[in-house]
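The chain contents come next:
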Amino acid sequence: MSSTELPGTAAANAAVAPKVATVRVAEGEKLRSVTLPGLTLTVRSRPPATAGLPPALYVHGLGGSSQNWSALMAHLEDVVDGEAVDLPGFGDSPPPDDGNYSVTGHARAVIRFLDASDRGPVHLLANSLGGAVCTRVAAVRPDLVRTLTLVSPALPELRVQRAALPTGLLALPGVALLFARLTKEWSAEQRTRGVLALCYGDPARVTEDALRNAVEEMERRLRLPYFWDAMTRSARGIVDAYTLGGQHGLWRQAERVLAPTLLVYGRKDQLVSYRMARKAAAAFRDSRLLTLPDAGHVAMMEYPETVAQAFRELLDDCSGS
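Residues numbered from 1 in each chain as written. Predicted model: local features only at pLDDT ≥ 70, side-chain atom pairs only at ≥ 80, totals over all residues. Heavy atoms only, no water.

Asker: Before we move on, could you go through helix α9 (residues 227–243) and cite the residues and values that matter?
Answerer: Between its first and last C-alpha, α9 extends 25 Å over 17 residues, near the 24 Å set by a 1.5 Å rise per residue. For α9, the buried fraction is high: 12 of the 17 residues fall into the buried class. Here α9 has its buried residues at F227, D229, A230, M231, T232, R233, S234, A235, R236, G237, I238 and A241. (Helix = DSSP H or I, 4+ residues; strand = E, 2+ residues; numbered from the N terminus. Expected span 1.5 Å × (residues − 1). Buried < 20%, exposed > 50% of the residue type's maximum accessible area, 1.4 Å probe, protein only.)

Asker: Residues and numbers for the packing of helix α7 (residues 188–199) against helix α8 (residues 208–222), please.
Answerer: Axes are the key here: two packed helices are described by the angle between their axes and the distance separating the axes. Relative to each other, α7 and α8 sit at 115°, their axes nearing to 9 Å. Considered as vectors, α7 and α8 are oriented roughly perpendicular to each other. Crossing handedness for the pair α7 and α8: right-handed. Only L211, A214, V215, M218, E219 and L222 of α8 make contact with α7, whose side of the interface consists of A188, E189, R191, T192, R193, V195 and L196. Grouping the amino acids of the contact of α7 with α8 by side-chain chemistry returns 8 nonpolar, 1 polar and 4 charged. (Axes fitted to C-alpha atoms, helices over the stretch in contact; angles between N-to-C directions. Parallel < 35°, antiparallel > 145°, perpendicular 65-115°, else oblique. Left-handed = near helix turned anticlockwise from the far one by under 90°. Contact = heavy atoms within 4.5 Å. Nonpolar A, V, L, I, M, F, W, Y, C, P; charged D, E, K, R; others polar.)

Asker: Provide a residue-level description of the pattern of salt bridges, including the pertinent values.
Answerer: Per the counting criterion, the structure on display carries 17 salt bridges. Residue D92 is joined to R220 by a salt bridge in which the shortest nitrogen-to-oxygen separation is 3.6 Å. Of this pair, D92 sits in the loop between β4 (81–85) and α3 (103–117) while R220 sits in helix α8, and the two are 128 residues apart along the sequence. A salt bridge links D143 to R141; the nearest nitrogen and oxygen atoms lie 2.9 Å apart. Looking at R141, the relative accessible area reads 23%, which means it is partly exposed. Linked through salt bridges whose partners overlap, the residues forming this network are R32, D81, E83 and R119. (Salt bridge = Lys/Arg side-chain N within 4 Å of Asp/Glu carboxyl O.)

Asker: Can you break down the pairing of strand β7 (residues 261–266) residue by residue, with the values?
Answerer: The side chains of a regular strand alternate, first on one face of the sheet and then on the other. The element β7 is largely enclosed, with a buried count of 6 among its 6 residues. With burial as the criterion, each face of β7 is covered, one bearing T261, L263 and Y265 and the other bearing L262, V264 and G266. Sheet analysis places strand β6 (residues 145–151) next to β7, joined by 4 bridges and oriented parallel. From the neighbouring strand, V151 faces β7, where its bridge partner is V264. By the bridge criterion, 6 bridges tie β7 to strand β8 (residues 287–292) in an arrangement that is parallel. In the strand pairing of β8, G266 is matched with L292. Viewed along the sheet, the connection from β7 through helix α11 (residues 276–283) into β8 turns out right-handed. (Pairing = 2+ DSSP bridges. Right-handed = clockwise from strand over helix to strand, strands pointing away.)

Asker: Before we move on, can you summarise the pairing of strand β2 (residues 39–46) with the specific residues and values?
Answerer: Most of β2 sits out of view: 7 of its 8 residues are buried. Two strands pair when backbone bridges link them, and strand β1 (residues 30–36) and β2 are joined in this way by 7 bridges, in the antiparallel orientation. Counted as the bridge partner of T35 is T40 from β2. One ladder, built from 4 bridges, connects β2 with β4; its direction is antiparallel. Bridging from a neighbouring strand, R46 pairs with G82 of β4.

Asker: How would you explain α3 if you had to name every residue and give the values?
Answerer: Relative to the 21 Å expected for 15 residues at 1.5 Å per residue, α3 spans 21 Å between its end C-alpha atoms, a close match to the ideal helical length. All of the buried residues along α3 are V103, G105, H106, A107, A109, V110, I111, F113 and L114.

Here you go:
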């Protein structure tokens, strides 16, 4: 909880907050709202090219949204029936009623959605924080997961990347409020360019249209009364998950995953160290590793064609076995 809020304040603010702007929907996509016990989720979908394709669910990372998957969803519409979820407090999903932004809390949201949608088992694809969340989902509910694809998953590191330290500091009480005050004069474009420089191996790959859309989304998010609270608590959730040991530790849960797993790491990732790729490949019992020399933290946005091809090969391996 942020140092400036009382319990339940985030949910109350969300209830009275005006609709700040319309979330962007790419051509061929649809948005819908799904109400579940204790939370409401916005789900982005792309109708499959043909009926009867196996279902897939995409889960974004910290500060992201279902829009992060639009490019990859378009490349895979002929092999899966894809949906991408906005985690509670992110994208167009309001905060959860209980204010729980822990990795376990987000995992419960994904599980509730999959149970309610009755689409499982699904091909589960996730990035960063979503990677930690979906590792937990695959470990505790193997019946819901056909395959697992993790792009730069946020799994515990002994030597954290220097560029990732601000995210860890965001979890400390009062830091988010201080940062918000220090950066109140920053424009949405300045913030967006900073995020792109941190997440992309080469920010020059971002087109002008993509930059403009990202700036508009940043402007929308900054008007949300719970924006910093969701970021702070989710960052704290990652830090807390890194410290858990025993059967609840993320690496221990990775070892319990039964689903065939595709791991994607970028050598220019400033947030999740490429050094963790080998450890992850050893931890997940049925894993394949794709390394991209020029990719950063969001390979599915930087090189969607390459990630799509690797996913297709995963499907081929599974269908042949």
